[in-house]
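Geometric and topological summary
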Amino acid sequence: MMADSIMSKAATMEIPINSNGDTGTLPEDDSLEQDLQQVMVSGPNLNETSIVSGGYGGPAGGIIPTSTIKDIRMKSSQSAASRLAQHPDQHPGLSNNNTGNSTEEVSRGVAVEKLDSVKKWGINTYKCTKQMFSERFGRGSRTVDLELEAQIDVLRETKNKYEHILRLATALTSHFQSMVQTQQALGDTFTDLSQKSPELQDEFGYNAETQKLLCKNGEALLGAISFFVSSIDTLVNKTMEDTLLTIKLYENARLEFDAYRSDLEELSLGPRDAATMVRIEMAQHDYQIHRDKYERLRSDVTIKLKFLEENKVKVMHKQLLLFHNAISAYFAGNQEQLEQTLIQFNVKLKPPGSDKPSWLEEQ
């Protein structure tokens, strides 16, 4: 063939070299240039490229057109897609991608819910702040339950007075405890001196016995006063405080109710076009929700105030009677009556030295 003859010419062509190592000038070969031009003209078209399956210059049956390869690839892609649809468990990578997409959708939904809650909180805060300033400057109206408000005021005043009683009773306990400790130290000193002073042994002995008896009765009275203080503390800082917490929630609900009520009234006085009617309907819905919340908390406050009053009377009746009987018996010197009072009100005395820290805690 022509290409083979050209390649053989190129392969057998000699390149002359001068004595100094430079290549010489090749002689012009007109026949070689003509053969190359003929190959370029009659060569294969690159737009109709074929793939040769055999060696160069093989039979024509080994040539596969590219259009046939495109058809084979398209059919293989369609069959792979059908197998994936029928057996998705055999391709975990794709299922993981689907799971990742679902996780992203869930995260996006949570973010949207949080954004909505923040938006609702901002609107609610704005309305309540506006209502609060309107009430403070006398521009807005507020819902008032005169009977309930009077009971709340009485409770707050009672709590302040009971806190004053608690402070005074705590101070009395501290002072009386110091006196009992002083009496105990004085009795120990009298006992020691009675042993070291034979000439005053009887006198020191009488006083030592008296101080020890006063110390014993003082510890009994101290136990009664401590029980009184503990009961008042529970009544004031737990029972009353729980009721006041419910009252605070009730007052916040009242402010929200009045804020949404004022908003609904303002919308009702405006024009009645389609957009305004939608806003009025939404405002009516919010108003009803806050009205139900306000009425529910008002009922809770009423019930708690009733039970608190009953509990307060019961507790204070018992504690005031204990305080009176214990103080009277102590200063009358009636040890038997004092002990009977402790038994009657189930007051248990702490063993001596129980308030002191152990040697391990002191280390």
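Residues numbered from 1 in each chain as written. Predicted model: local features only at pLDDT ≥ 70, side-chain atom pairs only at ≥ 80, totals over all residues. Heavy atoms only, no water.

1. Considering the overall build of the protein
We count it as follows: Numbering of helices and strands runs from the N terminus, with a helix taken as a DSSP run of H or I at least four residues long and a strand as a DSSP run of E at least two residues long. Between buried and exposed lies partly exposed: a residue is buried under 20% and exposed over 50% of the maximum accessible area for its type, with that area taken using a 1.4 Å probe on protein chains only. The criterion used for residue contact is that any of the two residues' heavy atoms lie within 4.5 Å. All accessibility values rest on the Shrake-Rupley procedure with a 1.4 Å probe; residue burial counts only the protein chains present in the view.
Each helix and strand in the protein was counted, giving nine helices and two strands. For the protein, the sequential pattern of α-helices and β-strands runs α-α-β-β-α-α-α-α-α-α-α. For the protein, the proportion of its 363 residues judged to be buried stands at 24%. Considering only contacts in the protein between residues 6 or more positions apart, those separated by 24 or more positions represent 75%. Taken as a whole, the protein presents about 26500 Å² of accessible surface, with 57% of it coming from carbon and sulfur.

2. Focus: the side chain of Ser134
Position of Ser134 relative to the elements: it lies in helix H4 (residues 92–136). Note on Ser134: relative accessible area 19%, which makes it buried.

3. Considerations on the pattern of salt bridges
Threshold: Between Lys or Arg on one side and Asp or Glu on the other, a salt bridge is scored when a side-chain nitrogen of the former is within 4 Å of a carboxyl oxygen of the latter.
Applying the stated rule across the entire model yields 13 salt bridges. Residue Lys159 is joined to Glu241 by a salt bridge in which the shortest nitrogen-to-oxygen separation is 3.5 Å. Here Lys159 is found in helix H5 (residues 146–196), whereas its partner Glu241 is found in helix H6 (residues 201–268), with 82 residues between them in sequence. When the shortest N-O distance is used, the salt bridge between Arg261 and Glu265 registers 3.1 Å. One end of the pair is Arg261 and the other is Glu265, both in helix H6 and four residues apart, which spans about a single turn. Beyond isolated ion pairs, a larger network of salt bridges with shared partners links Arg254, Asp258, Arg261 and Glu265.

4. Some details on the confidence of the model for the protein
What counts, and what does not: Confidence of the predictor in every single residue is expressed as pLDDT, which spans 0 to 100.
Counting all residues, the mean pLDDT for the protein is 76, and 68% of those residues have values of 70 or more. Looking across the protein, the model is least confident in strand S1 (residues 50–52), with a mean pLDDT of 39, and most confident in H5, with 94. Residue range residues 1–29 is modelled with pLDDT below 50. Its contacts to residues more than four positions away, or to other chains, number 20 contacts. Confidence drops under pLDDT 50 across residues 359–363; counting only partners more than four residues distant or on other chains, this segment forms one contact.

5. Topic: the UniProt feature "coiled-coil region" (unreviewed entry) in the protein
The condition is simple: UniProt positions are given in the numbering used here, feature names are shortened, and annotations may be inferred rather than shown by experiment.
According to UniProt, the positions carrying the feature "coiled-coil region" (unreviewed entry) are residues 280–311. Taken end to end, residues 280–311 comprises 100% helix and 0% strand; its first and last C-alpha atoms sit 46 Å apart.

6. What to know about a nonpolar patch on the surface
What counts, and what does not: Each patch is built from residues lacking any salt bridge and having more than 30% relative accessible area; the joining distance is 9 Å for like charges and 5 Å for nonpolar side chains (Val, Leu, Ile, Met, Phe, Trp, Tyr).
There is a patch of nonpolar side chains on the surface, built from Met132, Phe133 and Phe137 and spanning about 310 Å² of accessible area. Locating Phe133 in the fold gives a position in helix H4. Assessed through its relative accessible area of 40%, Phe133 is described here as partly exposed.

7. Considerations on the environment of Leu222
Looking at where Leu222 falls in the secondary structure, it is placed in helix H6. Separated by 42 residues in the primary sequence, Leu222 and Val180 place their C-alpha atoms 8.7 Å from one another. Residues within four places of Leu222 in sequence aside, it is in contact with Thr173, Phe176 and Gln177.

8. Observations regarding unusual backbone geometry
Residues other than glycine seldom take positive phi values, yet Asn346 does so here, at roughly 55°. Secondary-structure assignment places Asn346 in the loop between helix H8 (335–344) and helix H9 (359–362). Overall, Asn346 belongs to the exposed group, its relative accessible area being 55%.

9. Notes on the packing of aromatic side chains
The following threshold applies: Two rings from Phe, Tyr or Trp (for Trp, the six-membered ring) form a pair when their centres are within 6.5 Å of each other. A pair whose planes differ by under 30 degrees is stacked, one over 60 is edge-to-face, and the rest are tilted.
Per the counting criterion, the structure on display carries seven aromatic pairs. When the centroid spacing of 5.6 Å and the interplanar angle of 20° are considered together, the rings of Tyr250 and Tyr294 count as stacked. Taken together, the positions of Tyr250 in helix H6 and Tyr294 in helix H7 (residues 274–331) put the pair 44 residues apart, joining distant regions of the chain. The pair Tyr250 / Tyr294 is uniform in exposure class, with both members buried. When the centroid spacing of 4.9 Å and the interplanar angle of 90° are considered together, the rings of Tyr330 and Phe331 count as edge-to-face. On the basis of relative accessible area, Tyr330 is assigned to the buried category, the value being 11%. A relative accessible area of 63% means that Phe331 is categorised as exposed.

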